[in-house]
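Notes for the structure review
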Amino acid sequence: MMTPIDDANEWNERTGILNIPTRLIRWFSGIFSVTWLILTAVTTYHSVVNGQAETWDALATSLIWAGAPNIGFGLPIAYILTEVIDMVFGSWIRERTRERARREGLKEGREEGVKQGKQENHARWLAWLERRQQAEANGEEFNEPPPTLNGDLATEENN
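Residues numbered from 1 in each chain as written. Predicted model: local features only at pLDDT ≥ 70, side-chain atom pairs only at ≥ 80, totals over all residues. Heavy atoms only, no water.

Once that is clear, we can look at helix α2 (residues 25-49). Its 25 residues give α2 an end-to-end C-alpha distance of 36 Å, which sits within 8% of 36 Å, the value for a rise of 1.5 Å per residue. Where α2 is concerned, the buried positions are F28, I31, F32, T35, T40, T44 and S47. (Helix = DSSP H or I, 4+ residues; strand = E, 2+ residues; numbered from the N terminus. Expected span 1.5 Å × (residues − 1). Buried < 20%, exposed > 50% of the residue type's maximum accessible area, 1.4 Å probe, protein only.)

Once that is clear, we can look at the pattern of salt bridges. All told, the structure shown has 4 salt bridges when counted by the stated rule. Of the charged contacts, one joins R102 and E95 as a salt bridge, the two residues approaching to 3.5 Å between their closest N and O atoms. R131 serves as the salt-bridge partner of E144, at 2.5 Å between the closest nitrogen and oxygen. Taken together, the residues span a long stretch of sequence, with E144 in the segment after α3 (56-137) and R131 in helix α3 at a distance of 13 residues. Overall, E144 belongs to the partly exposed group, its relative accessible area being 28%. (Salt bridge = Lys/Arg side-chain N within 4 Å of Asp/Glu carboxyl O.)

Moving on, we get to the packing of α2 against α3. At a minimum axis distance of 6 Å, the contact between α2 and α3 shows a crossing angle of 140°. Classified by chirality, the crossing of α3 by α2 is right-handed. The residue makeup of the contact of α2 with α3, split by class, is 18 nonpolar, 10 polar and no charged. (Axes fitted to C-alpha atoms, helices over the stretch in contact; angles between N-to-C directions. Left-handed = near helix turned anticlockwise from the far one by under 90°. Nonpolar A, V, L, I, M, F, W, Y, C, P; charged D, E, K, R; others polar.)

See below:
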């Protein structure tokens, strides 16, 4: 089971040259890809409109020449957008993650409690049955009422 300190350390763990939080690598990759594609499309469109790419081979060359430098523009833009998204939505995501963990823990706890309750009720019935059989074996009168289904022992005060 993770402690809150381990959870906080895992949440803040960073990796790579850009020091990106590991939990945001997918966001960063997606944002970078979209940003790079947009920048490359705009640069390529610009070269086509200006007449620099009149043939297919010139268009392919302009696409390559447009795409390479846009990596340098796409990385900082993606990094800034990822950090902004983390700042704006980070607390909401953390709370949602914690709430989900609480619900799952509560569900597991309930299941464990039901199981334990059934075991305790079964043990009450077995103990009552054993007392009844012991009284019959000794020839004694046994007038103890059986346990109820909700787990409480029936007593004369409750009847």
